[in-house]
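# A look at the structure
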Amino acid sequence: DAKTTQPTSMDCAEGRAANLPCNHSTISGNEYVYWYRQIHSQGPQYIIHGLKNNETNEMASLIITEDRKSSTLILPHATLRDTAVYYCIVRSINTGTASKLTFGTGTRLQVTL
Amino acid sequence: GAVVSQHPSWVICKSGTSVKIECRSLDFQATTMFWYRQFPKQSLMLMATSNEGSKATYEQGVEKDKFLINHASLTLSTLTVTSAHPEDSSFYICSANSIGNTIYFGEGSWLTVV
């Protein structure tokens, strides 16, 4: 799996949008970008994933650059409960196989009042 | 999203004993499950990939005779830590590959070896 680079930590004021960047310059054509988050002492929570088009769900939006070398996860209105470590992971999807997720160090997002 | 459940949530065991952690996919069948370990303030480290009906694939450096993995059905995988020692104390997390190829994680299991 390709490696990703994320800032170690970020702060965001409650109610504001949190924009978490991720660089994945060596991503391959069959690799998706996945985002998970881990709140302290819990298992990681799936947020969103995408291949090349921007994606949105009830939790967040994922913006992928046209060259797919970077992406941004957007939490539109951050709350204190969004304080967590956010992981950006690239993962290949091959028909008939289940490839693993390899976690980096992630971004520790602190949402403040 | 899909639900993955682990049991127990936390366990304390004596050094030298074995402890089993269960991972269940509650609303989907998972041919592949993954086991991770996480030490305090560190990221998740993949230990092994568990495939239903076959032997698990272990990551480099993980002792397969110490961390026994069984995936006997499409909804259950177990991790047994054998002859546990204090350095095995950690947060163990399982995950399962659901329909659509998205991986969902369990709540994690805290193991303390005394």
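Right above here is the structure, for reference.
Since we're looking at a predicted model, the values are computed, not measured.

Rules and cut-offs
Residues numbered from 1 in each chain as written. Chains lettered and ligands numbered in written order. Predicted model: local features only at pLDDT ≥ 70, side-chain atom pairs only at ≥ 80, totals over all residues. Heavy atoms only, no water. Helix = DSSP H or I, 4+ residues; strand = E, 2+ residues; numbered from the N terminus. Rg over C-alpha atoms; globule rule 2.2 N^0.38 Å. Buried < 20%, exposed > 50% of the residue type's maximum accessible area, 1.4 Å probe, protein only. Contact = heavy atoms within 4.5 Å. Buried area = accessible area lost by both parts, 1.4 Å probe. Salt bridge = Lys/Arg side-chain N within 4 Å of Asp/Glu carboxyl O. Polar contact = N/O pair within 3.5 Å; in protein donor to acceptor, adjacent residues only side chain to side chain. Nonpolar A, V, L, I, M, F, W, Y, C, P; charged D, E, K, R; others polar. Pairing = 2+ DSSP bridges.

Turning our eyes to something else, we now look at the overall build of chain B. Within chain B, the regular secondary structure consists of zero helices and eleven strands. Computed over its C-alpha atoms, the radius of gyration of chain B comes to 13 Å, within 12% of the 13 Å expected for a compact globule of 114 residues. When the backbone C-alpha atoms are referred to their principal axes, chain B occupies close to 40 × 25 × 20 Å. For chain B, the proportion of its 114 residues judged to be buried stands at 52%.

Each partner contributes residues to the interface: chain A has 21 residues there, and chain B has 19 residues. Both sides together, the interface formed by chain A and chain B hides about 1,500 Å², and carbon and sulfur atoms give 55% of it. At the boundary of chain A with chain B, the tally comes to one salt bridge. A salt bridge links Lys100(A) to Glu59(B), with the shortest nitrogen-to-oxygen separation between them at 3.2 Å. Inspection of the chain A/chain B interface yields seven residue pairs in polar contact (both at pLDDT 80 or more). Elements represented by at least two residues in the side of chain A that touches chain B include exactly β3 (31-38), β4 (45-50) and β8 (84-92) of chain A. It is β3(A) that contributes the most residues to the side of chain A that touches chain B, three residues altogether. In the side of chain A that touches chain B, the residues fall into nine nonpolar, ten polar and two charged.

With that settled, consider the pairing of strand β4 (residues 32-38) of chain B. All names here are of chain B. Here β4 lies mainly inside the structure; seven of its seven residues are buried. In terms of strand pairing, β4 meets strand β5 (residues 45-51) through six bridges, oriented antiparallel. Bridged to methionine 33 within β5 is serine 50. Remark: six residues form the turn of the hairpin made by β4 and β5, two consecutive strands paired antiparallel; lysine 41 in that turn has positive phi of roughly 65°. With six bridges joining them, β4 and strand β9 (residues 90-97) adopt antiparallel strand pairing. Bridging across to β9, phenylalanine 34 finds its partner in serine 95.

When you line up the elements, Val114(B) lands in the segment after β11 (109-113). Distance in space between the C-alpha atoms of Val114(B) and Met47(B) is 22 Å, their sequence separation being 67 residues.

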